[in-house]
Amino acid sequence: TLLAQALGHIPYLQWVVMETTKTNLVSEFLESTNLHVTHLDSGGELLLSERGVNKCNVLRNIALDHIAEKHSNSSGAVIFANLDRFYSSELFEKIRKTEKVGIFPTVFAKEQFTCKPLQFSEKVPTYPVNLGSVVFSNSALFNSGRRFPARVSDTEGISYLIEGVVSSADDITVISCDEQFVWFYQNILIKIMFCQ
């Protein structure tokens, strides 16, 4: 509900929601939001049943394939919004200007990088940032042809996508180091239902 309310203020938004299997609860909620929503499920993706697979990465790839098919030539940005966070509408205005990759702090990512110059606190993976703290230019992401590897963590997966879009950390736009645009709250039910 909170994510839908935040997104309700964003013009020209396409919200893609993934579930392993569509549920009536989520479908009815999405219909009530009056947002431009595409509700997808796994379509029986066999990879989801394999051992050692990051199911969320598989679902993200299905969503990326859908966006690539329907919207890859459009301008805009791709962000992997989490249901357990509050988003400022100001963030969405800032991410529209992203040329390749942008990063911004959240409660989890603030300690992962420092600014002026951009430096990451961890050495592995190459770009160790929280999935919910990254935005991609639509064209840059889809021109790279990259998708999340199925057998890696969320952080390794987002790093792999970033590596396909930028030549170095100099190509990454720091949307903010000081301002807070995303706030975290914990809701166990949402985490269980939505693969967080």
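**Student:** So what's going on with the pattern of salt bridges? Residues and values would help.
**Tutor:** Oppositely charged side chains are able to pair whenever their charged atoms sit close together. For the coordinates displayed, the defined rule picks out six salt bridges. Across the salt bridge formed by Arg96 and Glu93, the nearest N and O atoms sit 3.9 Å from each other. The salt bridge partner of Asp171 is Lys100, with a shortest N-O separation of 3.8 Å. Linking Asp171 in the loop between helix H6 (154–165) and strand E9 (172–174) with Lys100 in the loop between helix H4 (89–95) and strand E5 (101–103), this pair joins segments that are 71 residues apart in sequence. Residue Asp171 is classed as partly exposed on the basis of its relative accessible area, which comes to 25%. Among the residues examined, Lys100 registers a relative accessible area of 31% and is labelled partly exposed.

**Student:** Give a description of the pairing of strand E1 (residues 15–19) that names residues and reports values.
**Tutor:** With respect to burial, E1 is a largely interior element, five of its five residues being buried. The parallel pair E1 and strand E2 (residues 37–41) is bridged by helix H2 (residues 24–32), and the resulting crossover is right-handed.

**Student:** An account of the sheet that holds strand E8 (residues 134–137) is needed here, citing residue identities and associated values.
**Tutor:** The four strands lie next to each other as E3-E8-E5-E9, forming an open sheet whose pairing is mixed. Where the open sheet ends on each side, the last strands, each with one partner, are strand E3 (77–79) and E9. In this sheet, adjacent strand axes meet at a mean angle of 25° when their direction is disregarded. As defined by bridge partners, E3 adjoins E8 across three bridges and the pair is classed as antiparallel. Of the residues in E8, the one forming a bridge with Ile79 is Val135.

So, how was this worked out
Residues numbered from 1 in each chain as written. Predicted model: local features only at pLDDT ≥ 70, side-chain atom pairs only at ≥ 80, totals over all residues. Heavy atoms only, no water. Salt bridge = Lys/Arg side-chain N within 4 Å of Asp/Glu carboxyl O. Helix = DSSP H or I, 4+ residues; strand = E, 2+ residues; numbered from the N terminus. Buried < 20%, exposed > 50% of the residue type's maximum accessible area, 1.4 Å probe, protein only. Right-handed = clockwise from strand over helix to strand, strands pointing away. Pairing = 2+ DSSP bridges. Axes fitted to C-alpha atoms, helices over the stretch in contact; angles between N-to-C directions.

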